[in-house]
2 protein chains.
Amino acid sequence: MEPGAFLLSLIVIWVAAKLFGELAERFGQPAVLGEMVGGVVVGVSGLHLIDAHEPTLHLLSELGVILLLFLIGLETNIHSLLKVGVAAFAVAVIGVLLPFGGGYAAGLSLGYSTIVSIFLGAALTATSVGITARVLSDLGNLDTPESQVILGAAVVDDIIGLVLLAIVGTLARGGQITAGGVSKLVAVAFGFVVVAIVAGSIFAPWLVRAVGRLRVAKALLFSSLILAFGLAYAADAAGSAMIIGAFAAGVVLARTDKGHQIEREVHDIAQFFIPIFFVMVGAAVDLRTLNPMTADGRRYIMIGLVLAVIGVLGKIAAGWGARGKGLRKIVIGVGMVPRGEVGLIFANIGLTTGLLTRGLYSSVTLLVMVTTFVGPPMLRALVTPKPRQEIPPIAAHVSEAMTDE
Amino acid sequence: MEPGAFLLSLIVIWVAAKLFGELAERFGQPAVLGEMVGGVVVGVSGLHLIDAHEPTLHLLSELGVILLLFLIGLETNIHSLLKVGVAAFAVAVIGVLLPFGGGYAAGLSLGYSTIVSIFLGAALTATSVGITARVLSDLGNLDTPESQVILGAAVVDDIIGLVLLAIVGTLARGGQITAGGVSKLVAVAFGFVVVAIVAGSIFAPWLVRAVGRLRVAKALLFSSLILAFGLAYAADAAGSAMIIGAFAAGVVLARTDKGHQIEREVHDIAQFFIPIFFVMVGAAVDLRTLNPMTADGRRYIMIGLVLAVIGVLGKIAAGWGARGKGLRKIVIGVGMVPRGEVGLIFANIGLTTGLLTRGLYSSVTLLVMVTTFVGPPMLRALVTPKPRQEIPPIAAHVSEAMTDE
């Protein structure tokens, strides 16, 4: 891309993000919903101003979601997270099993093969931790017990999703799945988080002390970013996901005595990249494949809506997996609804391996869109937004409450 | 580039920038010198960890220099700049004529053709406004009258450099130069700045007022970035340079009543990108072409050093073009010395059009390196650094003094 075209793309992304973000807020919706709608408007389904597959924009959008999860990690108190650990795990597991079973059954009853049905089930399992966390922080609600359960369950879901993705990918390429192989995938994916947090908790205070002796500008910020990107890279290399590594880095640094300062400085940088991610999610949505004027189009719209209903109900039911403590189970369930980018990754693997026809791919895209776009307004209707404080959205304002708890 | 490789590249760039920036500061040098040295170490002349031609990294480095000039513009008081306008213009013109004449004469006396000699002269004319401004701001000296002259002259130099680049490019491709064509180039390049500042001064207060009514997060920051990138794009499209457009946007926004707030918020973002630019400048330096073990290598090293001496002396002499007011002319002259990226762009055009042999290309690269690396320490020796204030380097700390003048 030429530098001029690059600048124009950034201008289009920010105008879309801020214009539709503003509209969303005026309609009482989270800004992130507006950013995704803005992305649809300027993307492949609308004005064609942004190419969601342009390599540099794609990398910047990856940077956006990595920084978002780093920031969410920095605002997370590991003790509060562990306190709701059992509830979060139950929600995550139920929230994988129910939609998977429902999608698989729907696939079989529609006459699709076992493997295609497994794929449809798998595409229903993921939760987009990025979208949900962003909505909760837009609403100033990241510090409630419900939000802690959602966050924990979404991270577990992401890890399960990665394992399923690897399994489905192997099946799609005609490979064999062994119990040993699956166990290894699960062990690596969960093990990475445990090792990263334990090792990081030992290393981070040392890093913060060493950086305190440097004279160069912004040494603390850059050391923190280097740790976050380093763990994101390591997570990817270990077979986990970059966002999990970035989240772990945030959790670890939040516990050091410079946690608040790091969070403030990362927040200033992250706000530059985060809207790029959400606009790009919207820009990648291709509405043209779902033409209600044709019989095929109507069929795939119907399949997509059936999958979406299964997806929404399955996740809401999973909320009841969170036992006790007066938790609002409906909030937790609704918080798990958005599928977002993870669902789209599933859909793309299905399409490129030839497992999904273009029509069925559109159905999965529709499912992802519906769950992603109905989640935020439903959550908004259920929780009371807290007033903004001096540091604006993207969750920064709730950090005080959480880290001092 | 894969996301993992992208994260690793950013880690390498920041480690190089901050490690060598720290070393530079401990040796009493500006951090930017360390960043460029760090770039040489990790780039093509050293560890080969960074590819200076990788498209995404290149775009981010462009973003770095655009944000740097936007920030410098935000810290510039248009009235102080106009007050030194005549002096700055004289310094710029002399600083173009002397090195150009010297380089041309040197080329002819070494037996090169007229066109190659013109090219060598042209490559000596540019001043890297980015490097000089960054050094002055690292030293907390951006608000002195000398710095204002340097800044003004460097901007004028950049514009003259663009015109020369267009002329030399045409000559290199065998085209003809007409007086009318040159006049038009000059008119467009200077006219853009005037139009941008006049139109911007009318539009900017309206923009700031309109943005004040928005609810969405960081509306002022993003509107400012959109204006800066928009003017950068327009400058490029009009035949001027992106950095000139970004500088103009900064100058215009500095005059609004939100100037200080914009500056603080842009500063937080810019610090993420600016080191990428300087590390990439260093990473692009290829020392391998200058092998002192061969007769050819020694010859091209000699030519490069002769050009460097002409370049340094010509710019220092230009400092005497700034008349009156007790200005320290030697500071102004030395401030004009670094050629930086602009010189490298000249060299690359020479190489790709076949005007420069690979050997002569290395000589020009050496000239650029010498002027770029001797400038900052010389300037450091001549000026007294001012103590840091709460907002760290990259010039932000001097804004108070300037904008309230």
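Worth saying up front: this structure is predicted, and the values here are computed from it rather than measured.

### Things to note about the overall build of chain A
Check the secondary structure of chain A and you find 17 helices and 0 strands. Relative to a compact globule of 405 residues, whose C-alpha radius of gyration would be 22 Å, chain A shows 20 Å and is just as compact. By principal-axis analysis of the C-alpha atoms, chain A measures approximately 65 × 50 × 40 Å. Long-range pairs, those at least 24 residues apart, make up 81% of the contacts in chain A between residues at least 6 apart in sequence. Only carbon and sulfur atoms are counted for the fraction: they give 67% of the accessible area of chain A, which is about 14700 Å². Separation between the mean location of the 26 positive side-chain charges and that of the 25 negative ones in chain A comes to 6 Å.

### Considering the relation of the copies chain A and chain B
Expressed as a screw transformation, the operator carrying chain A onto chain B has a rotation angle of 180° and an axial translation of 0.0 Å, and the superposed copies differ by an RMSD of 0.0 Å. What the superposition gives is, in effect, a two-fold axis relating one chain to the other. A share of 100% of the interface residues of chain A reappears at the interface of chain B, consistent with the copies meeting face to face through the same patch.

### Brief notes about the interface of chain A and chain B
In many reports, interface size means the accessible area that the parts give up when they come together. Each side of the interface is counted separately: chain A has 46 residues, and chain B has 46 residues. Interface area for chain A against chain B, summed over the two sides, is near 4600 Å², with a carbon-plus-sulfur share of 77%. When the buried area of chain A at its contact with chain B is split by residue, Leu-59, Arg-215 and Phe-222 of chain A rank highest and sum to 14% of it. Linking chain A with chain B are 0 salt bridges, by the criterion used here. Taken together, the connections running from chain A to chain B amount to 9 residue pairs in polar contact (both at pLDDT 80 or more). Counting only elements with at least two residues in the side of chain A that touches chain B, the list comes to helix 1 (3-26), helix 3 (55-74), helix 10 (219-237) and helix 12 (259-283) of chain A. With 14 residues, helix 1 of chain A is the single largest residue contributor to the side of chain A that touches chain B.

### Observations regarding the packing of helix 7 (residues 129-138) of chain A against helix 16 (residues 358-382) of chain A
Residue and element names in this part refer to chain A. Closest axis-to-axis distance for the helix 7/helix 16 pair is 10 Å, and the angle between their directions is 25°. As the angle between them shows, helix 7 and helix 16 are arranged roughly parallel. Judged by the sense of rotation from one axis to the other, the crossing of helix 7 with helix 16 is right-handed. Together, Ile-131, Val-135 and Leu-136 of helix 7 and Thr-372, Pro-376 and Leu-379 of helix 16 make up the contact between the two elements. Tallied by class, residues from the contact of helix 7 with helix 16 come to 5 nonpolar, 1 polar and no charged.

### Quick look at the packing of aromatic side chains
Tallied over the entire structure, the rule returns 19 aromatic pairs over all chains. When the ring of Trp-14 of chain A is compared with that of Phe-272 of chain A, the centres are 4.9 Å apart and the planes differ by 70°; the resulting orientation is edge-to-face. One end of the pair, Trp-14 of chain A, is in helix 1; the other, Phe-272 of chain A, is in helix 12, with 258 residues separating them in the sequence. Residues Phe-89 of chain B and Phe-190 of chain B carry aromatic rings whose centres are separated by 6.2 Å and whose planes lie at 45° to one another, so their mutual orientation is tilted.

### Thoughts on the pattern of salt bridges
Residue and element names in this part refer to chain A. Per the counting criterion, the structure on display carries 13 salt bridges over all chains. For Glu-22, the salt bridge is made with Arg-26, and the minimal N-O distance between the two is 2.8 Å. Note that Glu-22 and Arg-26 are positioned in helix 1 at a spacing of 4 residues, about one turn of the helix. The shortest N-O distance in the salt bridge between Asp-286 and Arg-288 comes to 3.0 Å. Connected via shared salt-bridge partners are Glu-35, Arg-134 and Asp-138.

### Section: the environment of Asp-158 of chain B
All names here are of chain B. Turning to its location among the elements, Asp-158 is positioned in helix 8 (residues 145-172). For Asp-158, a relative accessible area of 6% puts it in the buried group. For Asp-158 and Leu-98, which are 60 residues apart along the polypeptide, the C-alpha to C-alpha distance reads 16 Å. Contact partners of Asp-158, with chain neighbours within four places excluded, come to Thr-127, Val-129, Ile-243, Ile-244 and Val-342.

### As for the confidence of the model for chain A
All names here are of chain A. Looking at chain A as a whole, its pLDDT mean stands at 87, while 95% of the residues score no less than 70. Summarising per-element confidence for chain A, the mean pLDDT is lowest in helix 17 (residues 399-403) (38) and highest in helix 1 (95). Throughout residues 389-393 the model reports pLDDT below 50, and contacts reaching past four residues in sequence, or to other chains, amount to 13 contacts. A low-confidence stretch, residues 395-405 stays under pLDDT 50, and its non-local contacts, those more than four residues away or across chains, total 36 contacts. Under the prediction, the complex receives an ipTM of 0.86, its pTM being 0.87.

### Examining the side chain of Thr-371 of chain B
Residue and element names in this part refer to chain B. Tracing the backbone through its elements, the reader meets Thr-371 in helix 16 (residues 358-382). A polar contact is formed between the side chain of Thr-371 and the backbone nitrogen of Arg-339, at a distance of 3.4 Å. Among all residues touching Thr-371, those that are not within four sequence positions of it are Ala-308, Val-312, Val-337, Pro-338 and Arg-339.

### So, the nonpolar core
Counting residues in each nonpolar core, the largest one holds 282 residues, and the members touching the most others are Phe-70, Phe-229 and Phe-273 of chain A together with Phe-229 and Phe-273 of chain B. With near-sequence residues (within four places) excluded, Phe-273 of chain B lies in contact with Phe-272 and Phe-273 of chain A together with Leu-60, Leu-63, Gly-64 and Leu-67 of chain B.

### So, the packing of helix 12 of chain A against helix 10 (residues 219-237) of chain B
Two elements in contact, helix 12 of chain A and helix 10 of chain B, have axes whose closest approach is 12 Å; the angle formed by their N-to-C orientations is 75°. For the element pair helix 12 of chain A / helix 10 of chain B, the angle class is roughly perpendicular. Contact with helix 12 of chain A, carried on its side by Gln-271, Phe-272 and Pro-275 of chain A, involves Leu-221, Phe-222 and Leu-225 of chain B of helix 10 of chain B and no other residues of that element. Here the residues of the contact of helix 12 of chain A with helix 10 of chain B sort into 5 nonpolar, 1 polar and no charged.

### Remarks on helix 9 (residues 179-211) of chain B
All names here are of chain B. Taking 1.5 Å per residue as the helical rise, helix 9 with its 33 residues ought to reach 48 Å, and the 45 Å between its terminal C-alpha atoms agrees with that figure. Along helix 9, the sharpest change in direction is near 35° and occurs at Ser-201; proline Pro-205 comes one to four residues later. For helix 9, the full list of buried residues reads Ala-189, Phe-192, Val-193, Ala-196, Ile-197, Gly-200, Ala-204, Leu-207, Val-208 and Val-211. Contacts made by the buried residues of helix 9 are with helix 4 (78-83), helix 8, helix 10 and helix 11 (242-254).

Cut-offs applied
Residues numbered from 1 in each chain as written. Chains lettered and ligands numbered in written order. Predicted model: local features only at pLDDT ≥ 70, side-chain atom pairs only at ≥ 80, totals over all residues. Heavy atoms only, no water. Helix = DSSP H or I, 4+ residues; strand = E, 2+ residues; numbered from the N terminus. Rg over C-alpha atoms; globule rule 2.2 N^0.38 Å. Contact = heavy atoms within 4.5 Å. Areas by Shrake-Rupley, 256 points an atom, 1.4 Å probe, with all protein chains shown as cover. Lys, Arg positive; Asp, Glu negative; His and termini not counted. Charge placed at Lys NZ, Arg CZ, Asp CG, Glu CD. Least-squares fit on C-alpha atoms with pLDDT ≥ 70 in both. Buried area = accessible area lost by both parts, 1.4 Å probe. Salt bridge = Lys/Arg side-chain N within 4 Å of Asp/Glu carboxyl O. Polar contact = N/O pair within 3.5 Å; in protein donor to acceptor, adjacent residues only side chain to side chain. Axes fitted to C-alpha atoms, helices over the stretch in contact; angles between N-to-C directions. Parallel < 35°, antiparallel > 145°, perpendicular 65-115°, else oblique. Left-handed = near helix turned anticlockwise from the far one by under 90°. Nonpolar A, V, L, I, M, F, W, Y, C, P; charged D, E, K, R; others polar. Phe/Tyr/Trp six-rings, centres within 6.5 Å; stacked < 30°, edge-to-face > 60°. Buried < 20%, exposed > 50% of the residue type's maximum accessible area, 1.4 Å probe, protein only. pLDDT = per-residue confidence, 0-100. Core = buried A, V, L, I, M, F, W, Y, C linked by side-chain atoms within 4.5 Å. Expected span 1.5 Å × (residues − 1). Bend = angle between axes of the 7 residues up to and from the residue.

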